[in-house]
Amino acid sequence: MTNTIWYENVEIKSFDQLNKNEKATVCVVGAGITGITTAYLLAKHGVNVVVVERNQIGSATTGHTTAKITAQHDCIYHELISHFGKEQAFQYYKSQEEALTKMEAIISGHEMECHFEKQDAYLYTNEDKNQKKLEKEFEAYQQLNINGEGLLELPLEQIPIKYGLKMREQAQFHPILYIKELVEAIIHHGGRIYENTPVYDIDHADHRVVRAVNQHTVICDYVVIATQFPFYEGEAFYSARLQPKRSYVTAFTSNKSYPGGMYLEIDKPKRSLRTIRMDDKEIWLYGGESHKTGQYKNEDSPYEILKRDAKQTLNVDKWIYQWSAQDYETLDKLPYIGRLNKKHPEVFVASGYRKWGMTNSMVAASLITDLIMDHKNPYEELYRPTRFHADPDMKQFIANNSNVAKEFIKGKLEGNSNSIDHLTEKSATKIKHNGQTVGVYKDASKNEHAVDTTCTHLGCELNWNNSEKTWDCPCHGSRFSCEGNVIEGPAIKPLNKVDLKK
Ligand code: FES
């Protein structure tokens, strides 16, 4: 089983389901760090705001991040300069650095105790070809005036390197302690929050009407879609422009002391490392094994692989936690933040953070708040969700959509066996049952859970994720429990249950 460190000993306020029809100026859908920060900024400006969340506050990616607040987003600046030019690359960097500063100001303004601390961020490699890549990235840092340095060794002596790249004065924190305080502030400023309230549609007339699955509505002027994959696409084709990725984290104590720093290996398989001090213990967060959601190819579980690697180099004492998170990548690697499209200028979206959600959530919250308040924001064009650059978007667009087509067709051919006799406890298989592909999971008490493995979003075939015990969609990242309930992603309806006796 998996459990994240971020809810350990943290009591976050809980809220009722939407149990009446609501009215607000802005309805924010999604109570992760993006939705909560946006609602906080709006409420502070006196805007009447309602937040609706499918599950619980922070329960999706925000509660499963590694929570690095940094503008060092892997190797990106050299690539941005080549594709978009120096000015846009600098805009990206500046927006991310400003996000860090704004988060720091919020944290000190509210005197939050959320383990915020300044740390340097490091990229490193042990491969010749990636050394060249990092050297080019360092050149980009110099062009953009980024406070960085090329290195031949890391402060963390257990990890030898060929080359490293430092970005100074970045930060890390505890994301749930942070949003817990923002939630208090939203309520203080008159905002309302509803949990366990999946929504499925927006109607457009004089006002926007956000429709919840339980038939209640929020009537509002503006809607902010902060659900990672937008639950409402409004002909903006996000299904063709966002690629879901899953990655994994293990947490342990070590018998070596930690010299500080947040690290990311750029060689494949990539590895990420930071620590957090909790209850007088230094806990190391070691992550990686990223893959397209629903398409994990390895025989061994990602957690086992991470643990094997960590044991070899990092003096592991005791394993404590393990968890995974989902994020989306856009065609050109920049997030989509802003108005959904021309047809729906009162609907806003924020998605495609490419695993760098802490600063990007702040960028999104500030930008969307400015657009709603009719204030100028210098980053509106850079992040405009409807942008399309022939290079690099077209190549990635074709790759994303042939992947979806391949997974759609492949699924229809799966499920060769007719029997579940071989199925052991805590595992799953696909069988053919009455001509239909059915996924069957046998739980620890030997109960069988049989579901139709056709994704209820757009019909792709789901694959079993044995580490998380979930059915995951390789097309747009919807995930379902072994009983078929929606966990995350764009799907709204649960999977159809199948009676194997019929
Ligand atoms: Fe879109 Fe499954 S998430 S088809």
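Here's what I pulled together on the structure shown here. (Residues numbered from 1 in each chain as written. Predicted model: local features only at pLDDT ≥ 70, side-chain atom pairs only at ≥ 80, totals over all residues. Heavy atoms only, no water.)

1. Comments concerning the environment of Y141
Note the following rule: A helix here means a DSSP run of H or I that spans at least four residues, while a strand means a run of E at least two residues long, and both kinds are numbered starting from the N terminus. Note on classification: 1.4 Å probe, protein chains only; a residue is buried when its accessible area is under 20% of the maximum for its type, exposed when over 50%, partly exposed between these limits. Any two residues whose heavy atoms approach within 4.5 Å at even a single point are treated as in contact.
Assignment of secondary structure puts Y141 in helix α4 (residues 128-143). For Y141, a relative accessible area of 0% gives the class buried. The spatial distance from the C-alpha of Y141 to the C-alpha of G30 is 35 Å, given a sequence separation of 111 residues. In contact with Y141, not counting residues within four places along its chain, are Q72, Y77, L123, I146, G148, L165, K166 and M167.

2. A few points about the pattern of salt bridges
A side chain of one charge can pair with a side chain of the opposite charge if their charged atoms are brought near each other. This is how the line gets drawn: What counts as a salt bridge is simple: a side-chain nitrogen of Lys or Arg found within 4 Å of a carboxyl oxygen of Asp or Glu.
Under the criterion given, the structure shown has 25 salt bridges. In this structure, K270 and D74 form a salt bridge, with 2.5 Å as the shortest nitrogen-oxygen distance. Of this pair, K270 sits in the loop between β14 (262-265) and β15 (271-278) while D74 is found in the loop between β4 (68-69) and α2 (77-84), placing the two residues 196 residues apart along the sequence. Accessibility expressed as a relative area gives 30% for K270, which makes it partly exposed. The class for D74 is buried, based on a relative accessible area of 10%. Here K245 makes a salt bridge to E329, at a shortest N to O gap of 3.0 Å. Of this pair, K245 sits in strand β13 (residues 243-254) while E329 sits in strand β17 (residues 316-329); the two residues are 84 residues apart in sequence, bridging distant segments of the chain. The structure contains a network of salt bridges with shared partners spanning D120, E149, K166 and R168.

3. A short note on the packing of aromatic side chains
Any pair of aromatic rings gets described here by the distance separating the centres and the angle formed by the planes. For clarity, the cut-off: Pairing of aromatic rings covers Phe, Tyr and Trp, the last counted by its six-membered ring, and requires centre-to-centre distances within 6.5 Å; plane angles under 30 degrees mean stacked, over 60 mean edge-to-face, and any other angle means tilted. The rule is short: NZ of Lys or CZ of Arg within 6 Å of the ring centre and within 35 degrees of the ring normal puts a charge over the ring.
Counted under the stated rule, the structure contains 20 aromatic pairs. With 6.1 Å between their ring centres and 75° between their planes, Y77 and Y141 make a pair best called edge-to-face. Linking Y77 in helix α2 with Y141 in helix α4, this pair joins segments that are 64 residues apart in sequence. No difference in accessibility class separates Y77 from Y141, as the two residues are buried. An aromatic cluster is built from Y77, F90, Y92, Y93, Y141 and Y383, whose rings are joined through pairwise contacts. When the ring centre of Y238 is taken as origin, the NZ or CZ atom of R241, which lies over that ring, is 4.8 Å away. Residue placement shows R241 over the ring face of Y336; its charged tip is 4.4 Å from the ring centre.

4. A closer look at the pairing of strand β9 (residues 199-204)
Just so we agree on the cut-off: By this definition, two strands are paired if DSSP reports at least two bridges between them.
Summarising the sheet, β9 and strand β10 (residues 208-212) pair through five bridges and their orientation is antiparallel. Looking at β10, one finds that H204 is bridged to R208. The loop that links β9 with its antiparallel partner β10 comprises three residues.

5. Section: the nonpolar core
Inside soluble globular proteins, nonpolar side chains tend to come together where they are buried. Quick reminder of the rule: Here, the term nonpolar core denotes a set of buried Ala, Val, Leu, Ile, Met, Phe, Trp, Tyr and Cys residues that are joined through side-chain atoms within 4.5 Å.
Counting 88 residues, the largest nonpolar core has Y77, F173 and Y178 as its most contacted members. It is helix α7 (residues 357-372) that provides the largest number of residues to this core, a total of nine residues. Contact partners of Y178, with chain neighbours within four places excluded, come to I33, M103, I106, I107, M112, C114, F173 and M362. Among the nonpolar cores identified, the runner-up in size contains 27 residues, and A24, I202, I225 and L340 belong to it.

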